[in-house]
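Per-entry structural report
This is what each chain is made of:
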Amino acid sequence: MLEHGGNINDAIRRYGRARADWLDLSTGINPQAYPVPQLSADVWHRLPEPSTALLEAAQTYYGAPLLLPVAGTQAAIQALPRLRTRSRVVIAAPSYAEHSYQWRQAGHDVREVAYDQLEAELDQCDVMSVCNPNNPTGARIAPAVLLEWAARLAARGGWLIVDEAFGDMTPQESVAAYTGQQGLIVLRSVGKFFGLAGLRLGFVAAHTDLLQQLADVLGPWTVSGPAQQIGTAALSDTAWQQTMHTQLQESGTRLQQLLAEYGKQSSGTALFQYWQDAHPAQFAEQMAQHGIWIRIFSHGVRLGLPADEAGWQRLQQALQSVSQHNQEMK
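Reference entry: report on the structure contained in this document. Not measured: the values here are computed from a predicted model.

Description of the overall build of the protein chain
A tally of helices and strands in the protein chain yields eleven helices and 13 strands. The C-alpha radius of gyration of the protein chain comes to 20 Å, within 12% of the 20 Å expected for a compact globule of 330 residues. C-alpha extents for the protein chain along the principal axes are approximately 60 × 55 × 35 Å. Taking all 330 residues of the protein chain together, the buried fraction comes to 50%. Partitioning the intrachain contacts of the protein chain with sequence separation of at least 6 by distance along the chain shows that 70% fall at a separation of at least 24. The protein chain carries 23 positive and 30 negative side-chain charges, and their two centres are separated by 5 Å.

Focus on the sheet that holds strand S4 (residues 109–114)
Where strands meet in a sheet, backbone hydrogen bonds hold them as pairs that are either parallel or antiparallel. A sheet is described by the order of its strands in space; here seven strands give the open sequence S2-S8-S7-S6-S5-S3-S4, paired in mixed fashion. This sheet does not close on itself; its edge strands, each paired only once, are strand S2 (67–70) and S4. With direction set aside, neighbouring strand axes in the sheet form an average angle of 20°. In the sheet, strand S3 (residues 88–93) pairs with strand S5 (residues 127–131) via three bridges, with the strands oriented parallel. Following the sheet pairing, Val90 is matched in S5 by Met128. In this fold helix H2 (residues 52–62) packs onto S2, strand S7 (184–189) and strand S8 (202–205), with an angle of close to 115° to the strand it touches most, S2.

Focus: helix H4 (residues 97–105)
Among the residues of H4, Glu98, His99, Ser100, Gln102 and Trp103 are the ones counted as buried. Those residues of H4 hidden inside the fold are in contact with helix H3 (73–79), S3, S4, S5, strand S6 (159–163) and S7. Gly107 lies just past H4 and shows a positive phi near 90°.

Structural notes on the pairing of strand S13 (residues 300–304)
S13 sits mainly inside the fold: five of its five residues count as buried. In S13, alternate side chains face the same way, and those of Gly300, Arg302 and Gly304 on one face and Val301 and Leu303 on the other are all buried. One ladder, built from five bridges, connects strand S10 (residues 272–276) with S13; its direction is antiparallel. Of the residues in S13, the one forming a bridge with Gln276 is Gly300.

What to know about the pairing of S3
Most of S3 sits out of view: five of its six residues are buried. For S3 and S4, the ladder comprises six bridges, and the chain directions are parallel. Residue pairing in the sheet places Ala92 in a bridge with Val113 of S4. Read from S3 through H4 to S4, the crossover connection turns out right-handed.

Here we look at the environment of Ile161
Relative to the elements of secondary structure, Ile161 occurs in strand S6. Taking relative accessible area as the criterion, Ile161 reaches 2% and is therefore assigned buried. Between the alpha carbons of Ile161 and Thr269 there is a distance of 20 Å; along the sequence they are 108 residues apart. Leaving out residues up to four positions away in the same chain, Ile161 has contacts with Leu80, Trp103, Val127, Met128, Ser129, Val130, Ile185 and Leu187.

Points about the packing of H2 against helix H8 (residues 225–236)
For any two helices packed against each other, one specifies the inter-axial angle together with the distance between the axes. Running from amino to carboxyl end, H2 crosses H8 at an angle of 35°, the nearest separation of the two axes being 9 Å. Note on packing geometry: the crossing formed by H2 with H8 is left-handed. The segment H2 lies against H8, with Ala53, Leu54, Ala57, Ala58, Tyr61 and Tyr62 engaging Gln228, Gly231, Thr232, Leu235 and Ser236. In terms of residue class, the contact of H2 with H8 is made up of seven nonpolar, four polar and no charged.

A few points about the sheet that holds S10
Across the sheet, four strands lie side by side as S9-S10-S13-S12; this open sheet has antiparallel pairing. Pairing within the sheet leaves two strands with one partner each, and these edge strands are strand S9 (267–269) and strand S12 (295–297). With direction set aside, neighbouring strand axes in the sheet form an average angle of 20°.

Thresholds, definitions, all that
- Residues numbered from 1 in each chain as written.
- Predicted model: local features only at pLDDT ≥ 70, side-chain atom pairs only at ≥ 80, totals over all residues.
- Heavy atoms only, no water.
- Helix = DSSP H or I, 4+ residues; strand = E, 2+ residues; numbered from the N terminus.
- Rg over C-alpha atoms; globule rule 2.2 N^0.38 Å.
- Buried < 20%, exposed > 50% of the residue type's maximum accessible area, 1.4 Å probe, protein only.
- Contact = heavy atoms within 4.5 Å.
- Lys, Arg positive; Asp, Glu negative; His and termini not counted.
- Charge placed at Lys NZ, Arg CZ, Asp CG, Glu CD.
- Pairing = 2+ DSSP bridges.
- Axes fitted to C-alpha atoms, helices over the stretch in contact; angles between N-to-C directions.
- Right-handed = clockwise from strand over helix to strand, strands pointing away.
- Left-handed = near helix turned anticlockwise from the far one by under 90°.
- Nonpolar A, V, L, I, M, F, W, Y, C, P; charged D, E, K, R; others polar.

Dropping the structure here:
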């Protein structure tokens, strides 16, 4: 299994620091989770029947003509490679590592390609997978470009997979509305913007034929009854969504400005910031000594948002301490 953010148990084991003493910034999940409503009395003992209310709420929120609810987009990422015979797959890199890993595990020929080289590789592949906005860098590709790529791939039976897990803050950049056409597949997550990662709820927007194939592979009861009810409430709550848009935009700007004060020229989304770093493991170790758990990559660092003012102050103090120490060591 690949390593992911949110693995706070690893931090506890490695450093012997209690869970309550950690500030976990290793994910891009909204630290202000959607308030879970009271659930119906029978939700725990009934098998989860498909929810029309959930689908209608999701179609309105994402603007997609057809959707398949899944147990987090990870379920779809693992299943989609099983729907194709051996294919040439291009994965935008750096990116969420499960895309590349799952296609390789299924026996496909996979190449990881930098974002600025993707178009040059389009005619040499059968499947292209892109995170938009990208996790972890925040890079974006214009919707018109994605739609052109999807049409070119579909003309020869190919797919363009667009992972919009972090797309809630920029709905104008989504291509979910166009997924009625063949060859375009969009993944959406309830876990990130709504702060409900533990719910394990996501959606696949695609042509009806592909959604039926995917549903057959995933089998029945893929999304729990509680997840359906909570997801319906969250996707329908426009007042909460509007308030959170404002709060997250302010927090994302604050994080970028705070990092810039200590020489970190970052990019990202309202939910996280990323920068290239020559020694990411060293920086992670220094932050861990201050009880702050972060996400590192081979050549970069990603930080999520603190949940409260105490967390912001703690992050600033740690950045200041690490910066002073590194200056003294020069």
